[in-house]
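Each chain is listed here by its residues.
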Amino acid sequence: MPRSSSTTSAPEELYALAIGTARSVIVVGTAKNAGKTTTFNALRAVAKRRGTAIGVTSIGRDGEPADALDAEPKPRVRLAPGTIVALPAGLIPRSPGLAILATGEPSALGTTVFARVVLPTTCEIAGPPTARAMRATIDTLRALCSGPVLVDGAIDRVAPLAGGDDAVIVATGGASGATVARVAAVAADTVARLTLPGRDPRHERERVVRISGALDARDAEALLADAAGATVVVDDPTRIAVRGALFAKLRATVDLRCERPLRVVACTTSPVGRDASLAPRALVDAVARATGLPTFDVVADLRSESGAA
Amino acid sequence: MKIDAVTAERIGLDWLRAAIAPVGTFGRRHDEGIAPYGPGDDARAHAEIADVVALAARLDASEVGRVRAALRAVPEPSPIVARTRVGDPLGDVDFYELGRFVDALDLLARGWDAAVREPSPGKERDDRRPPVLDGLRAVLAPGRERGGFYLADAFGPGLRAARAALAGAEASFDAQREAIAARVRDAFGVDPIGEEFVVLRSVYDGPLPDDVRAVRETPTYRVLRLAVVVPERDAAFAALAEEEERARRMLAETVAREAEAVAEATRALGALDRLLARIAFTQRWGGCVPRFDAGAAAFTEATFAPLADALAARGHRYTPISLELRGVAVLTGPNMGGKSAALATAGFVCACVALGVPPPAHAASLPLLEAIVWLGGDGPAERARLLSSYAAEIVRAQAALSSASARTLVVIDEFARTTGPREGRALLIAFAEALRARGVFALLATHFDAIAETAGVAHLRIAGLRQHALGPIDGDDLDAALDAINAAMDYRVVAAHGGTSESDALALARLLGLESSIVDRARSLYEEPAKP
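Residues numbered from 1 in each chain as written. Chains lettered and ligands numbered in written order. Predicted model: local features only at pLDDT ≥ 70, side-chain atom pairs only at ≥ 80, totals over all residues. Heavy atoms only, no water.

## Regarding a negative patch on the surface
Right, so step 1: Together, B:Asp476, B:Asp477, B:Asp479 and B:Asp483 give the surface a local cluster of negative charge.
Right, so step 2: Within the element layout of this structure, B:Asp479 appears in helix α18 (residues 478–488). (Patch = residues over 30% accessible without salt bridge, like charges linked within 9 Å, V, L, I, M, F, W, Y side chains within 5 Å. Areas by Shrake-Rupley, 256 points an atom, 1.4 Å probe, with all protein chains shown as cover. Salt bridge = Lys/Arg side-chain N within 4 Å of Asp/Glu carboxyl O. Lys, Arg positive; Asp, Glu negative; His and termini not counted. Charge placed at Lys NZ, Arg CZ, Asp CG, Glu CD. Helix = DSSP H or I, 4+ residues; strand = E, 2+ residues; numbered from the N terminus.)

Given below as structure tokens:
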């Protein structure tokens, strides 16, 4: 596989793009094994090369040797000295010892502990279980760490994104579909939901429907029946609980908006699927075209050459 | 002190318990071990209440609030210290939590100093001041920095060398890994980020170099790992792990020697939490040091705080109540005149002293009771038994009688109002006589006539509506009507000497907006001479 002719690697370009946008970066995935942790680790590796101290945590549980659900091997999380990590007390490595800075939200594995890595260590990372606690954890990491905060996300746990000003990276790949077109379509659906535009009073329709809480399939069907052409407002994009064709139809029928938009800055692709692999270059470009976002393959060192990249 | 659920709700005991609840775990644990004061506890109750009243005057109220907030945040060291006593290994988070405990005590002590407006009279040392743990602070000091904790080199003689060895091995590891990574980049065109990386078979499917291992193989790709071999790294890691565990054991043993000081500090915090809750209550509602008197329940200018609190939330003013009860008394007076509030206040102030809380009154002379019973209406237990209101009242009345003693206060709100008035009145008289015979404290509010005289007990009445004080009222404005009634009502409890009890029911009905024709008709019926 030829290396990019660019002097800056794909991970470095992605890092600069994300960190240039926000103090904290959350990587979310379109499917399990979509490459979230690979992207997360690529960003950490760039920070390490740059000598930048970062804060890290995970919305799910990451860094364990094998996946808890399917026993597939998982990327390990090796933390460099100076890193500030948020993890449950039950996952703190005994040795080398960490410098304990603060404690925070409770979780099933013990109180969330904020610690500074003194000597290199490899560990599992997990965050607290609720979106509110996760947000508090990210905020504490931002307060404790002078550098950027990187958060390894989880599939379908986008609620912690709400209320933050993080840069969001959507990881997608062969785990989402068997063809390039299918993966690109799934990514486009996810990105369309997460990039829901904010309210714009200048262009609001005559009728405005405010949805408090989640907008689910039942709400969507009611809106399609009764609110065609209206502006429909949700709190934030994480409240959209409809997917695929129903979501696309809803967007085409109503002016769907949110109070607090998210900042989705890029996609990453992983060509590796469970049973087949996709063409990396084709996948990067297809996802970029479908989502309109800069798209990177941090393993194959590729970035999109079309779309918004 | 025995108080059932109905009584607790009616006399505001539930509200009181919530108002004086400790804010922290130490206080809650401390309170669980303290029973309410009862007969014979006069000296102890007096000492606690006098202490609270004195401190409420000495301490700044806003600083008391801050100290209580700090108490809420004090971490619990007891489980950690208990583990040191049995030799359990501690982790760095445990040492961190102990450090936080030491810091929290320092913060509390500073908060206390800020709260004290004047030094304790006649005492060289303020024994209420929160404890500080200088010994534990010194033990943990090498690892404390900006409120955190690190198992510093000073905690173990071999730590510094072990860490230096591992740091060197890690540097070798990184250098070797980077060398292999460079070869992988050249050979596969892939930047091996992290410990594992993916190579598609379409890109490279040949034999792997010696220092690259396959972690997982599929028909289309391989997950590979750089096989960085630095034997001294594993050895250095093992040596450091051993040194760190040794240091933690030594530190835990030192902490164990501070266990009694920690336990004493948590006990002191529990007592402080209880004390501050009572001080805050007193600073909010006022309070007096009562005289303990087995023969009288008397108070002047007492505030039934739960009602005053509710009224204040609605922008209304509460009128304090004065009352003297010796034995049994009947309380009569107008509707809306505060009879029920007077009954509740009697129970409330007695409950306050039982809990070591200064009764919110100008002065009080009270007994320490064995039980308080409220009769009138039914509660959840009676409703669950599907009893009628009358049946529930009778069942509760008999239960109260059966257990009544000279240290029981029975407060009775319109007993037998749900049955025929003649039989109800007769029952109330007989019940009052029975209470008098048992020597209990009892206050019976009723609209029945001549109960006190017939039963041979004292008669008190609410002074009632000052008709002349009533201004014009818009009949449609209920709030204005209530305000006018409140302003015109004389809530004083005064001694009565026979006569019928006026309820001001017709005047109040008119004020509350009942159609004039109905009130006029009722007035004419009421004023008709009784038919022979």
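## Quick word on the domain arrangement of chain A
All names here are of chain A.
Right, so step 1: According to the domain assignment, chain A contains domain 1 (10–191 + 263–303) and domain 2 (196–258).
Right, so step 2: Centre-to-centre, using C-alpha coordinates, domain 1 lies 29 Å away from domain 2.
Right, so step 3: Taken together, the contacts link six residues of domain 1 with five residues of domain 2.
Right, so step 4: On the surface where domain 1 and domain 2 come into contact, there are zero salt bridges.
Right, so step 5: The interface formed by domain 1 and domain 2 holds one residue pair in polar contact (both at pLDDT 80 or more) in total.
Right, so step 6: Of the residues that constitute the side of domain 1 that touches domain 2, the class distribution is four nonpolar, no polar and two charged. (Domains from an automatic or database assignment. Contact = heavy atoms within 4.5 Å. Polar contact = N/O pair within 3.5 Å; in protein donor to acceptor, adjacent residues only side chain to side chain. Nonpolar A, V, L, I, M, F, W, Y, C, P; charged D, E, K, R; others polar.)

## What about the sheet that holds strand β5 (residues 221–226) of chain B?
Residue and element names in this part refer to chain B.
Right, so step 1: The sheet built from three strands is open, its strands ordered β3-β5-β4 with antiparallel pairing. Whereas interior strands pair on both sides, the edge strands pair on one side only; in this sheet they are β3 (196–200) and β4 (212–217). For this sheet, the mean inter-axis angle between neighbouring strands, taken without regard to orientation, is 35 degrees.
Right, so step 2: Note: β4 against β5, five bridges, orientation antiparallel. Note on β5: the bridge partner recorded for Glu217 is Arg222.
Right, so step 3: Strands in contact with helix α9 (residues 159–188) are β3, β4 and β5; relative to β5, the strand with the most contacts, it is inclined by about 150 degrees. (Pairing = 2+ DSSP bridges. Axes fitted to C-alpha atoms, helices over the stretch in contact; angles between N-to-C directions.)

## Concerning the interface of chain A and chain B
Right, so step 1: If you look at the interface, chain A gives 40 residues, while chain B gives 40 residues.
Right, so step 2: Taking both partners together, chain A and chain B bury about 3200 Å²; carbon and sulfur atoms supply 57% of that area.
Right, so step 3: On inspection of chain A and its partner chain B, the count reaches four salt bridges.
Right, so step 4: Across the contact surface, chain A and chain B share ten residue pairs in polar contact (both at pLDDT 80 or more). (Buried area = accessible area lost by both parts, 1.4 Å probe.)

## Here we look at the confidence of the model for chain B
Right, so step 1: With 92% of its residues at a pLDDT of at least 70, chain B reaches an overall mean of 88.
Right, so step 2: Model confidence for the complex is summarised by a pTM of 0.78, with the ipTM given as 0.83. (pLDDT = per-residue confidence, 0-100.)

## Quick notes on the pattern of salt bridges
Right, so step 1: With the rule as written, the count across this model stands at 54 salt bridges over all chains.
Right, so step 2: Residues B:Arg137 and B:Asp134 are paired through a salt bridge, measuring 2.6 Å at the closest nitrogen-oxygen approach. Taken together, the residues B:Arg137 and B:Asp134, both in helix α8 (residues 134–140) and three residues apart, mark about one turn of the helix.
Right, so step 3: The network of salt bridges with shared partners includes A:Arg199, A:Glu204, A:Arg210, A:Asp235, A:Asp236, A:Arg239, A:Glu259 and A:Arg260.

## Observations concerning the packing of helix α4 (residues 180–194) of chain A against helix α7 (residues 280–291) of chain A
Residues and elements named next belong to chain A.
Right, so step 1: At a minimum axis separation of 8 Å, α4 and α7 run at an interaxial angle of 35 degrees. Both α4 and α7 take part in a crossing whose hand is right-handed. In this structure, α4 contributes Val180, Val183, Ala184, Ala187, Ala188 and Val191 to the contact, and α7 contributes Ala282, Leu283, Ala286, Val287, Ala290 and Thr291.
Right, so step 2: Split by residue class, the contact of α4 with α7 holds eleven nonpolar, one polar and no charged. (Left-handed = near helix turned anticlockwise from the far one by under 90°.)

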